Amino acid sequence: MILGPYTMGPVIDIPQIRALAEFGIVFLLFTIGLNFSLPQIHALRHQVLGLGTGQVLFTTAIVGLVAWWAGLTPMAAFVVGAVFAQSSTTIIGKQLAEQGEENSRHGKLGLAMSVFQDVTAVPFVVVIPVLGMAVGAELVLGALGWALAKALLAFALVFFVGRWLLRPIFHFIAERRSAEIFTLTVLLIALLAAWTTNSLGLSLAFGAFLAGMVIGETEFRHQVESTVRPFRDVLLGLFFIGIGMLLDPASLPRIWHWAILGAVVLLTSKALLVSFMVRKVGTDPLTAWRTGLLLSVGGEFGFALLAIALSANVIDTLLGQIALTSVLFSMIAGPFIIRHNHAIASLLVRDLSRSSNSPMSPTLELGIITQLEDHVIIFGYGRIGQSVAHLLDEESIPYIALDLDPARVRQAHAAGELVYYGDATDRNVLDLLGLDRARLVIISHDDVAASLKALEYIRRARPELPVMVRTRDESRVSELQKAGATEVVPETLEAGLMIASQSLLLLDVPPSQVMRRIQEQRSGKYRLIREFFRGDTLTETASYSSEEHVHSIEIPPNCKSIGRQLGEVNPGGITFITIVRHGDRLVMPSSETSIAANDILVMHGSPDELQRAERIILYS
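For the structure given in this document, a descriptive report is provided here. Source: prediction; values computed, not measured. Numbers given to residues run from 1 along each chain, matching the order in which its sequence is written. Thresholds applied to this predicted model are a pLDDT of at least 70 for local features of residues and 80 or more for the giving and counting of side-chain atom pairs; totals over whole chains, interfaces and linings are not thresholded and use all residues. Side-chain metrics rest on all non-hydrogen atoms present in the structure, leaving aside hydrogens and water.

Quick look at the sheet that holds strand β4 (residues 440-443)
What the six strands build is an open sheet, ordered β3-β2-β1-β4-β5-β6; its pairing is parallel. In this open sheet, the two strands that pair with only one neighbour each are β3 (419-421) and β6 (487-490). Averaged over all pairs of adjacent strands, the angle between their axes in this sheet comes to 20 degrees, without regard to strand direction. In the sheet, β4 pairs with strand β5 (residues 467-471) via three bridges, with the strands oriented parallel. Counted as the bridge partner of I442 is M468 from β5. Sheet contacts for helix α22 (residues 448-461): β1 (376-379), β4 and β5; angle to β5, the most-contacted strand, approximately 170 degrees. In this scheme, strands are said to pair when DSSP sees at least two bridges between them. Put simply, DSSP marks the helices as runs of H or I at least four residues long and the strands as runs of E at least two long, and each gets a number from the N terminus on. Every axis in this analysis is a line fitted to C-alpha atoms, fitted for helices over the stretch in contact. Angles between the N-to-C directions lie between 0 and 180 degrees. Contacts are residue-level and defined by heavy atoms, with any inter-residue pair within 4.5 Å sufficient.

Here is the structure:
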């Protein structure tokens, strides 16, 4: 704004900035193409052609019709609809990550749809410049048809020629081991593809996108993306400088009411449309509204389409100012809407239990819940929640589970399991679960924000109630513990420990040393595991405590117990947990299982029983 012609201060020639800024869009489309090769788009075709593409097309059509009805020309109305259809992947992704909702259902769905918008917006890059070259419906249709034919020709040239040439070229360049030559080659290919489509009367960005798609199928994709990122970031910075130079603060007194109206139309239309579409594919109302609120914010790509339309004279300067300010207002409001998406969606859904009261989504039955005593409450009935529930069922421990996936709830409920549809962050739902009589709460989903909200209410209602929380990694462990979680289990860390232990065993590290290493790692992170293994220092020279623990021994090739059954060498009171044989683990072997050379026997029992079993197996 400071460098633009509408404010006091130095003025930079806008055409020069536009010329450089256009290459920011070129490299932006190039990197988008790198991440969406044809095989990836084909694998995600249902989402791309369904929710992602549908949202862009329907928003463009609906907003465009409203703008046309309001008096705009058909071409200008189409541009406004296309600009309003875009959402900000940057704002959505950053805000969700800050709130810990990036792995939630609405977070994943919203991010996926916003990324797909970038792909489905590519045709607008082809169409909008054409609209400025033709006047009249027949000429516009003819120009669009001719543009489509040239786009197909460009696709054939870049795609097929690129497939034939690019992989050998990059192999040849990589063998030179010169970072400078590799960088120059990437720039040459991106700009050459852009020049090809520009020579055909299409946009520079379209060719770059096609080149990115072709390179995205090669093994050089990640290095190419890393190489081009600095150029993309600098040129995109110039692009946004150019957008700021287009904004005329002096026009705000004349257009502010139209800009606010445009922002309201943008936010409302996209929220309603996305919520309706997501609801129609079987998602629960709360998640549908939360997804709609995420995608309601305007996007950076809308600025790009607006800049293309202004340079092609498809819309006039005043309408450009209104559209630009409308998108800007929506992006200012976006973080606040995303931060409070749950509260807003809850108000829109109103009575959650009433809205989901149908045969498709079983709701809480008070008659059954009042009979529960000393039960376990499970929030989230995915793979982990179901695994926990099945083990509880084996031990005859009563439980009740909640989930927001109607299809999953319906199937589990039909199978006779106490699984119901409900939001674990709703205080009324928590009260209905018999929280005052529960013995344990397990939060098995990976929505950290929802976990924190549930913990806040649980700690106020039952400060002494144990709560175990699952999280994806250790980055949020301290935050969850401060919120009141008794134990926090980061699944990625646990998976890493399991992989590491098996790797060490296959590398012939003594089992006792492997278990000691794993114990040390766990004891530094989790109090629950440290107490479980307390006193269990599994070394050959260790002095055992009086508690039961796990111990393992390796069967040497000359051991007298080779060929004997486990039942013959069990002095009583010992449980053989696992046999590790040639790197394979046989869990809970039967007493008839024979011992083989180099087996690793993992046993559980008291120290005296373990010592007696070891003497029998190794020396008698």
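So, the nonpolar core
By convention a nonpolar core is built from buried Ala, Val, Leu, Ile, Met, Phe, Trp, Tyr and Cys residues, the set being connected through side-chain atoms within 4.5 Å. Relative accessibility thresholds used throughout: buried, under 20% of the residue-type maximum; exposed, over 50%; partly exposed, between the two (1.4 Å probe, protein chains only). In this structure, I128, F239, L305, V314 and I315 are the most contacted members of the largest nonpolar core, which totals 68 residues. If one sorts the elements of this core by residue count, helix α14 (residues 300-311) sits on top with eight residues. Those residues within four positions of L305 in sequence are excluded, and the remaining contacts are A82, V83, Q86, F124, V125 and I128. In terms of nonpolar packing, the next biggest core, distinct from the first, is built from 27 residues, L402, V441, V469 and V477 among them.

So, the pattern of salt bridges
Just to be clear on terms, a salt bridge is a Lys or Arg side-chain nitrogen sitting within 4 Å of an Asp or Glu carboxyl oxygen. In the structure shown here, the tally under the stated rule is seven salt bridges. A salt bridge links E464 to R462; its shortest N-O distance comes to 2.5 Å. Under the relative-accessibility criterion, R462 is labelled buried at 14%. Look at the salt bridges and you will find they share partners, linking E373, D436 and R437 into a network.

With respect to unusual backbone geometry
Here the phi dihedral of D374 falls at roughly 55 degrees; this positive angle occurs in a residue that is not glycine. Not every positive phi belongs to a glycine, and S396 is a case in point at roughly 60 degrees. Looking at the element boundaries, S396 is found in the loop between α19 (383-394) and β2 (399-403).

Here's the deal with the packing of helix α13 (residues 285-295) against helix α16 (residues 341-349)
In the contact formed by α13 and α16, the axes pass within 9 Å of each other and the chain directions differ by 125 degrees. Relative to α16, the element α13 lies oblique. Considering the relative orientation of α13 and α16, their crossing is right-handed. Across the interface between the two elements, P285, L286, W289, R290, L293 and L294 of α13 pack against N341, H342, I344, A345, S346, L348 and V349 of α16. Each angle receives one of four descriptions, namely roughly parallel if under 35 degrees, roughly antiparallel if over 145, roughly perpendicular if within 65 to 115, and oblique otherwise. Two helices that cross are described as forming a left-handed crossing if the nearer one is turned anticlockwise from the farther one by less than a right angle, and a right-handed crossing if clockwise.

With respect to the packing of aromatic side chains
Side-chain rings of Phe, Tyr and Trp, where Trp is taken by its six-membered ring, are said to pair if the distance between their centres is within 6.5 Å; with planes under 30 degrees apart they count as stacked, over 60 as edge-to-face, and otherwise as tilted. Inspection of the entire model under this criterion finds three aromatic pairs. Here F78 and F124 contribute two aromatic rings whose centre-to-centre distance is 5.6 Å and whose plane-to-plane angle is 65 degrees, an arrangement assigned as edge-to-face. With F78 in helix α4 (residues 74-84) and F124 in helix α7 (residues 122-131), the pair connects residues that are 46 residues apart, well separated along the chain. Summarising the aromatic geometry, the rings of F170 and F182 are spaced 5.5 Å apart at their centres and angled 55 degrees between planes, so their arrangement reads as tilted.

Here's the deal with a nonpolar patch on the surface
Residues enter patches when they are more than 30% accessible in relative terms and free of salt bridges; like-charged ones are connected within 9 Å and nonpolar ones (Val, Leu, Ile, Met, Phe, Trp, Tyr) within 5 Å. Residue burial considers only the protein chains on display, and all accessible areas are found by Shrake-Rupley using a 1.4 Å probe. Among the surface-exposed residues, L153, L157, V161, W164, L165 and I169 lie close enough to one another that they form a single nonpolar patch of about 550 Å² accessible area. We classify I169 as partly exposed; its relative accessible area is 33%.

Section: the pairing of strand β8 (residues 575-581)
Look at any regular strand and the pattern is simple: side chains alternate between the two faces of the sheet. The sheet contact formed by β8 and strand β10 (residues 600-605) spans five bridges and is antiparallel. Each residue of the ladder has a partner; that of F576, found in β10, is M603. Relative to strand β9 (residues 584-587), β8 runs antiparallel, the two sharing four bridges. If you follow T578 over to β9, its bridge partner there is V587.

Here we look at helix α28 (residues 607-619)
Helix length check: α28 (13 residues) gives 18 Å between terminal C-alpha atoms against 18 Å at 1.5 Å per residue, within 8%. Within the span of α28, buried status applies to P607, E609, L610, A613, I617 and L618. The buried residues of α28 all sit within an arc of 160 degrees when viewed along its axis, so they share a single face. Of the exposed residues in α28, the ones pointing more than 90 degrees away from its buried face are D608 and Y619. Working rule for helices: expected span equals 1.5 Å times residues minus one. By construction, the arc corresponds to the directions joining the helix axis to the C-beta atoms.

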